[in-house]
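# Reading the structure
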Amino acid sequence: MTESYLYAAARTPFGKFSGALADVRPDDLAATAVKGVLARTPGLDPAGIGDVVWGNANGAGEDNRNVGRMAVLLAGLPTSVPATTVNRLCGSSLDAAIIGSRTIETGDADIVLTGGVESMTRAPWVLPKPNRAFPAGNVTAVSTTLGWRLVNERMPAEWTVSLGEANEQLAERFTISRERQDAFAARSHNLADAAWNDGFYDDLVVPVVTDRKGTVLTRDEGIRPGSTAEKLAGLKPSFRPDGAITAGNASPLSDGASAVLLGSGEAAGRIGADPLARVAGRGVFALDPQEFGFAPVEAANRALKRAGIGWSDVAAVELNEAFAVQSLACVDAWGIDPEIVNAKGGAIALGHPLGASGGRILGTLAGRLQESGGRWGVAAICIGVGQALAVVLENVTGGTR
């Protein structure tokens, strides 16, 4: 089969819940990411894009009705460019890249644009339809921002615990202390701040105009420079009175979009650029719903096996930091050097707009391999309701380590 390659990646800055991007519709955020990634390959005629695969976890508000297609239209691409939207919750845009890479490898398209978007700020409240007409009682609006909603009563109660409670259980299972979690979170903030100050994100992030006055967001909004484990230790537990998980060691609600351009090797001439990395392996795995935070362990192991390499070959890992505890549990299980994980900060600092995070970690991974000269990298993400995805990239620009 044809091999698939990553040619370019771009994303918006990630905004805080009710922050700078609160007035920006998710379809407009998506269009910004589309235009941003295509600006990095100016030689590509957008009419040559064979398909667009876009990730989105909510789909209940302004991101309804195939937000991928809306992004294509709003970005000004030819109406002949098709698009679909996929939903694997937090893994949606990594799933989009996986689908896009398979599309290329099977020969169904030479060039596929992938990505994802989420505005958790603008996620609406929903009202279920009544079972009969004109009920006399009150009805309750349900928030679609995060987590289980309108739960089927046939679901076992242990499956439908909150995301935070699920990770408190993980902390107990693996005896991961509050101190370790806070130290991991502080590291994320400080590495993200350093990466921005060093210019790492300059070529990966495209600014967003946030209001009619022309205000522009250029940098991730949630980073707290100078964070320390000691400062984070002062925060109250969020899910259990005596728990370890706080607002400081978990990823925040966020808004943002990401995009990744994939193509075959033969498409380089049409794209007008050389590829950066080869999609060398993919993995998907699932556990009981409440164990979702640990699912990346086997997803990444499977992706490595399909790539024909082992953890000793890996130079860089991008693991989405949904919670510090689940990130630590995965790193411990892999037995790898923690210093190769999220060296440019992670979701605890940068933010976690659900449908956009997979594209972010994939683009960051490619950038890290370019910077370091490392050959192999792994992008992995946990997914609510017990799933995980992973992708192995091979640097094709001379990486050897």
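Attention in this report is confined to the structure presented alongside it. (Residues numbered from 1 in each chain as written. Predicted model: local features only at pLDDT ≥ 70, side-chain atom pairs only at ≥ 80, totals over all residues. Heavy atoms only, no water.)

## Thoughts on the overall build of the protein
In terms of helices and strands, the protein carries 11 helices and 14 strands. Taking 401 residues into account, the globule formula puts the C-alpha radius of gyration at 21 Å, and the protein, at 20 Å, falls close to it. Its C-alpha atoms give the protein principal-axis dimensions of about 60 × 55 × 45 Å. Expressed as a percentage of contacts within the protein between residues at least 6 apart in sequence, the contacts between residues at least 24 apart total 79%. Accessible area for the protein stands at about 16,400 Å²; split by element, carbon and sulfur atoms hold 51% of it. Treating the 36 positive side-chain charges of the protein as one cloud and the 43 negative ones as another, the clouds have centres 3 Å apart. (Helix = DSSP H or I, 4+ residues; strand = E, 2+ residues; numbered from the N terminus. Rg over C-alpha atoms; globule rule 2.2 N^0.38 Å. Contact = heavy atoms within 4.5 Å. Areas by Shrake-Rupley, 256 points an atom, 1.4 Å probe, with all protein chains shown as cover. Lys, Arg positive; Asp, Glu negative; His and termini not counted. Charge placed at Lys NZ, Arg CZ, Asp CG, Glu CD.)

## Observations regarding the packing of helix H8 (residues 296-307) against helix H9 (residues 324-334)
Look at H8 against H9: their axes get within 9 Å of each other, and the N-to-C directions meet at 45°. Taken together, the axes of H8 and H9 lie oblique to each other. Our pair here, H8 against H9, has a crossing hand that is right-handed. Facing H8, whose interface residues are Pro296, Val297, Ala300 and Asn301, H9 presents Cys330, Ala333 and Trp334. (Axes fitted to C-alpha atoms, helices over the stretch in contact; angles between N-to-C directions. Parallel < 35°, antiparallel > 145°, perpendicular 65-115°, else oblique. Left-handed = near helix turned anticlockwise from the far one by under 90°.)

## Considering helix H4 (residues 163-174)
Each α-helix winds once per 3.6 residues, and so residues spaced three or four apart point in a common direction. Across its 12 residues, H4 extends 17 Å between first and last C-alpha, which sits within 8% of the 16 Å expected from 1.5 Å per residue. Within H4, burial applies to Gly164, Glu165, Ala166, Asn167, Glu168, Leu170 and Ala171. Residue Thr175 follows H4 closely and has a positive phi angle near 50°. (Expected span 1.5 Å × (residues − 1). Buried < 20%, exposed > 50% of the residue type's maximum accessible area, 1.4 Å probe, protein only.)

## A word on the side chain of His352
Mapped onto the fold, His352 is located in the loop between helix H10 (347-350) and helix H11 (357-372). At a separation of 2.6 Å, a polar atom in the side chain of His352 contacts the side chain of Ser357. (Polar contact = N/O pair within 3.5 Å; in protein donor to acceptor, adjacent residues only side chain to side chain.)

## Some thoughts on the packing of aromatic side chains
Per the counting criterion, the structure on display carries 4 aromatic pairs. Here the aromatic rings of Phe200 and Tyr201 are separated by 5.0 Å at their centres, their planes lie at 80°, and the arrangement is edge-to-face. One exposure class covers both Phe200 and Tyr201, and it is buried. An aromatic cluster is defined as three or more aromatic residues linked by ring pairs; in this entry it consists of Trp196, Phe200 and Tyr201. It is Arg11 that lies over the ring of Phe14; its NZ or CZ is 4.7 Å from the centre. Note that Arg173 overlies the ring of Phe294, its terminal NZ or CZ placed 5.2 Å from the centroid. (Phe/Tyr/Trp six-rings, centres within 6.5 Å; stacked < 30°, edge-to-face > 60°. Lys NZ or Arg CZ within 6 Å of the ring centre and 35° of its normal.)

## Points about the side chain of Asp63
Structurally, Asp63 can be placed in the loop between strand S3 (51-55) and helix H2 (67-74). No salt bridge is formed by the buried Asp63, whose closest oppositely charged neighbour, Arg25, lies at an N-O distance of 8.5 Å. A distance of 3.2 Å separates a polar atom in the side chain of Asp63 from a polar atom in the side chain of Asn56. Reaching out from Asp63, the side chain makes a polar contact with the backbone nitrogen of Ala60 at a distance of 3.3 Å. (Salt bridge = Lys/Arg side-chain N within 4 Å of Asp/Glu carboxyl O.)

## Regarding helix H1 (residues 26-39)
An ideal rise of 1.5 Å per residue puts 20 Å on 14 residues; H1 measures up with 20 Å between its terminal C-alpha atoms. Burial analysis of H1 places 11 of its 14 residues in the buried class, the great majority of the element. The complete set of buried residues in H1 reads Pro26, Asp27, Leu29, Ala30, Ala31, Thr32, Ala33, Val34, Gly36, Val37 and Leu38. Buried residues belonging to H1 abut strand S1 (4-11), S3, H2, strand S5 (111-119), strand S8 (208-209) and strand S10 (254-264).

## Focus on the pattern of salt bridges
Per the counting criterion, the structure on display carries 18 salt bridges. Between Asp110 and Arg270 there is a salt bridge, and its shortest N-O distance comes to 3.3 Å. With Asp110 in the loop between helix H3 (92-105) and S5 and Arg270 in helix H7 (residues 268-271), the pair connects residues that are 160 residues apart, well separated along the chain. Across the salt bridge formed by Arg240 and Glu165, the nearest N and O atoms sit 2.7 Å from each other. Note that Arg240 is positioned in the loop between helix H6 (229-232) and S10 and Glu165 in helix H4, a separation of 75 residues in sequence. A single burial state applies to Arg240 and to Glu165, both of which are buried. Residues joined by salt bridges that share partners form a network here, namely Glu3, Arg278, Arg375 and Glu394.

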